[in-house]
Amino acid sequence: MPPQRSDRHRDPRLTVRPDTDLKQQATQALSDRDREMQGFVVACLNALVVDPDGFLERLKEHWPAEKPRGRPRKATSPSADGDETDEAPAN
């Protein structure tokens, strides 16, 4: 396999996966106000840098619940009753 190319962009990428409905609603709310998602995210980062405690306080009630990161673990052994499953345990 060929080596991966380094990112030629000066600034690092930021990747998030919001719920589809939330993203659609936020995109619509921004569009209704002649704004776009990328600018909104950068504005939020700027607001955080300027006033971290105040900005985070305003977001407190909107903060998402923590989710486990990474891929779910694979089942490594058959269950005690002899049934085998390829599904990871539900989180």
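All of the points below concern the structure found in this document. In this text the structure is predicted, and so the values were computed from the model without any measurement.

Before going further, it helps to examine the overall build of the protein chain. In terms of helices and strands, the protein chain carries three helices and zero strands. Each helix (α) and strand (β) of the protein chain, taken in turn from the N terminus, gives the series α-α-α. Each of the 91 residues in the protein chain was classed as buried or not, and the buried ones make up 2%. Surface accessibility of the protein chain: about 10000 Å² in total, with carbon and sulfur atoms responsible for 51%.

Phi at Asp34 is positive, roughly 55°, even though this residue is not glycine. Mapped onto the secondary structure, Asp34 falls in the loop between α1 (20–31) and α2 (37–50). In this structure Asp34 comes out as exposed when scored by relative accessible area, which is 74%.

Contact pair α2 / helix α3 (residues 52–59): the axes reach a minimum separation of 5 Å and the direction vectors enclose 125°. The orientation of α2 with respect to α3, classified from their angle, is oblique. Mapping the contact onto sequence places Cys44, Ala47, Leu48, Val49 and Val50 in α2 and Pro52, Phe55 and Leu56 in α3.

Mapped onto the fold, Leu14 is located in the segment before α1. Overall, the relative accessible area of 60% leaves Leu14 in the exposed class. For the pair Leu14 and Val41, spaced 27 residues apart in sequence, the C-alpha separation works out to 9.7 Å. Ignoring anything within four residues of it in the chain, the contact list for Leu14 reads Val41 and Leu45.

Enumeration according to the criterion identifies two salt bridges in this entry. Of the charged contacts, one joins Arg10 and Asp11 as a salt bridge, the two residues approaching to 3.8 Å between their closest N and O atoms. With a relative accessible area of 77%, Arg10 lands in the exposed category. The salt bridge partner of Lys60 is Glu57, with a shortest N-O separation of 2.9 Å. By relative accessible area, Lys60 is classed as exposed at 54%.

A surface patch of nonpolar side chains, amounting to about 470 Å² of accessible area, comprises Leu14, Val16, Phe40, Val41 and Leu45. Its location among the elements puts Leu45 in helix α2. In this structure Leu45 comes out as partly exposed when scored by relative accessible area, which is 43%.

The rules behind each value
- Residues numbered from 1 in each chain as written.
- Predicted model: local features only at pLDDT ≥ 70, side-chain atom pairs only at ≥ 80, totals over all residues.
- Heavy atoms only, no water.
- Helix = DSSP H or I, 4+ residues; strand = E, 2+ residues; numbered from the N terminus.
- Buried < 20%, exposed > 50% of the residue type's maximum accessible area, 1.4 Å probe, protein only.
- Areas by Shrake-Rupley, 256 points an atom, 1.4 Å probe, with all protein chains shown as cover.
- Axes fitted to C-alpha atoms, helices over the stretch in contact; angles between N-to-C directions.
- Parallel < 35°, antiparallel > 145°, perpendicular 65-115°, else oblique.
- Contact = heavy atoms within 4.5 Å.
- Salt bridge = Lys/Arg side-chain N within 4 Å of Asp/Glu carboxyl O.
- Patch = residues over 30% accessible without salt bridge, like charges linked within 9 Å, V, L, I, M, F, W, Y side chains within 5 Å.

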